[in-house]
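Working through the structure, step by step
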Amino acid sequence: MQLALCTWQEVQDYLHRQTGLIIPIGSVEQHGPNGLIGTDHLTAECVARGVGERLGCLVAPTLAYGMSQHHLGFTGSATLKPSTLMLVVRDVVQSLSVHGFRRFFFINGHGGNIASVTAAFDELYAMRSLGEAAEPVRCRLAFWAGRRTRALTNDLYGESEGGHATCSEVSLAQYYQPQAIKQAQLSPHLAPASSGFFDAADYRTRYPDGRIGSAPSLSSPEDGKRLFETAVEDMAEAYQAFLQD
Ligand code: NI
C-alpha cells in the first residue's frame, strides 16, 4: 500500500489497525557509466514497495534526495547538506506522528545518508526526552540489502561487487526500471578500490568514472529479480522485528 495513493480516510482506518510506516530514502547521484542517477532511491523504493505489498503495510513517498556532496563533481548529482537532511527527516516523522504513526522504518539505498539520518533520530528522541515533542516515536534505518541479500551478492559477484555503483544495486535498478538499462564500455573493468574521499573534487580525482571498486558490467535484470525477492524477505523480517521491539 502506498501512502500517496490513499485517501485521508484510508490512512485513518489503517492507523486503527497499525501504526508503522515504511519510508524509502536514497540519493540523486551518479552511479558510473552504466548506473542510473536515481539508483539509490529506486532500489530503496523497489524493495520498500515489495515489503508493503507482502505485508499490507503503508509505504510513504520516497525521500529521493540524500547527502551526496562527494558526487557533485559528476553532472546530474544533487545533494542535501547533512543539516538539511536532518531537518527533512525530522519534519516528515514529526508531521506523521501527529496523526498517530509511531514506528518509522526507513529503507535506505545510500551509505552517505547514515550519519545524518541517525542524527535526526537522536534529535527526535532528544525532543521527546526534553519535553519538546508530544508523541513518542521510534525510528530505524536499514540498508535494503540485509543478511540473505548480502550473502547472495557475495555469491553472484564476490570481490567485484565494490563500494559504489555496485553490481547489486545496478542489477536491482535494472530489474525495477528495465526500460532504462544502459549499455556502456567500462574501463577499467574493475574500478579503483576505495581509498576514502573528502570533497567532490577529491572524489572525482580518485574515482574518475564515478565507480568505487566495482565491475557493474556483470549486472543484469535477472540478478536484480533474485536480489529483489531476497531483499524483500530480509526487509519484511526486519520490519516485523522492529514493530515488536
Ligand atoms: Ni548507490
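Look a little higher up for the structure.
Attention in this report is confined to the structure presented alongside it. (Residues numbered from 1 in each chain as written. Predicted model: local features only at pLDDT ≥ 70, side-chain atom pairs only at ≥ 80, totals over all residues. Heavy atoms only, no water.)

Some thoughts on the overall build of the protein
- Across its full length, the protein carries eight helices and three strands.
- Its helices and strands in sequence order give the protein the pattern α-β-α-α-β-α-β-α-α-α-α, from N to C terminus.
- Relative to the compact-globule value of 18 Å for 245 residues, the protein shows a C-alpha radius of gyration of 18 Å, a close match.
- Judged by the C-alpha coordinates and their principal axes, the protein covers about 55 × 35 × 30 Å.
- Here the protein holds 245 residues, and 51% of them are scored as buried.
- In the protein, the share of contacts with a sequence separation of at least 24, taken over all contacts with a separation of at least 6, comes to 76%. (Helix = DSSP H or I, 4+ residues; strand = E, 2+ residues; numbered from the N terminus. Rg over C-alpha atoms; globule rule 2.2 N^0.38 Å. Buried < 20%, exposed > 50% of the residue type's maximum accessible area, 1.4 Å probe, protein only. Contact = heavy atoms within 4.5 Å.)

Re the nonpolar core
- Ranked by size, the top nonpolar core spans 47 residues in total, and within it Ile 22, Val 51, Val 89, Phe 101, Phe 104, Phe 106 and Ile 107 carry the most contacts.
- Sorting the residues of this core by element identifies helix 1 (8-17), strand 1 (20-25), helix 2 (39-55), helix 3 (82-98), strand 2 (103-108), helix 4 (114-129), strand 3 (138-143) and helix 8 (221-244) as the ones contributing at least two each.
- Non-local contacts of Phe 104, meaning those with residues more than four positions away in its chain, are made with Leu 21, Ile 23, Val 93, Leu 96, Ser 97, Val 137, Arg 138, Cys 139, Arg 140 and Phe 242. (Core = buried A, V, L, I, M, F, W, Y, C linked by side-chain atoms within 4.5 Å.)

Section: the packing of aromatic side chains
- Taken as a whole and assessed by the stated rule, the structure comprises nine aromatic pairs.
- The interplanar angle of 40° and the centroid separation of 5.3 Å between the aromatic rings of Tyr 175 and Phe 228 together place this pair among those described as tilted. You can see Tyr 175 sitting in helix 6 (residues 167-176) and its partner Phe 228 sitting in helix 8, a full 53 residues away along the chain.
- Here Tyr 175 falls in the partly exposed class, since its relative accessible area comes to 28%.
- Residue class for Phe 228 comes out buried when judged on its relative accessible area of 16%. (Phe/Tyr/Trp six-rings, centres within 6.5 Å; stacked < 30°, edge-to-face > 60°.)

Here we look at the coordination of the nickel ion
- In the first shell of the nickel ion, the protein supplies His 31 (NE2), Asp 40 (OD) and Glu 169 (OE), at 1.9 to 2.2 Å from the metal.
- Mapped onto the sequence, the donors of the nickel ion take the spacing H-x8-D-x128-E. You can see His 31 sitting in the loop between strand 1 and helix 2 and its partner Glu 169 sitting in helix 6, a full 138 residues away along the chain. For the pair shown, His 31 and Glu 169 are each scored as buried. (Donors = N, O, S within 2.8 Å, 3.2 Å for Na, K, Ca; no water.)

Here's the deal with unusual backbone geometry
- Cis peptide bonds are those with omega within 30 degrees of zero, and the linkage from Ser 187 to Pro 188 qualifies with 0°.
- Position of Pro 188 among the secondary structure elements: in the loop between helix 6 and helix 7 (200-206).
- Look at Ala 165: it is not a glycine, yet its phi comes out positive at around 55°.
- When you line up the elements, Ala 165 lands in the loop between helix 5 (147-157) and helix 6.

Observations regarding helix 4
- Here helix 4 is 16 residues long and its end C-alpha atoms lie 22 Å apart, about the 22 Å a rise of 1.5 Å per residue gives.
- Buried within helix 4 are the following residues: Ser 116, Val 117, Ala 120, Phe 121, Leu 124 and Met 127. For helix 4, the angular spread of buried residues about the axis comes to 145°, placing them on one side. Exposed residues pointing more than 90 degrees away from the buried face of helix 4 are listed as Ala 115 and Ser 129.
- Summarising the contacts, the buried residues of helix 4 are in contact with strand 1, helix 3, strand 2 and strand 3.
- Trailing helix 4 by a residue or two, Gly 131 shows a phi angle of about 80°, which is positive. (Expected span 1.5 Å × (residues − 1). Arc of directions from axis to C-beta.)

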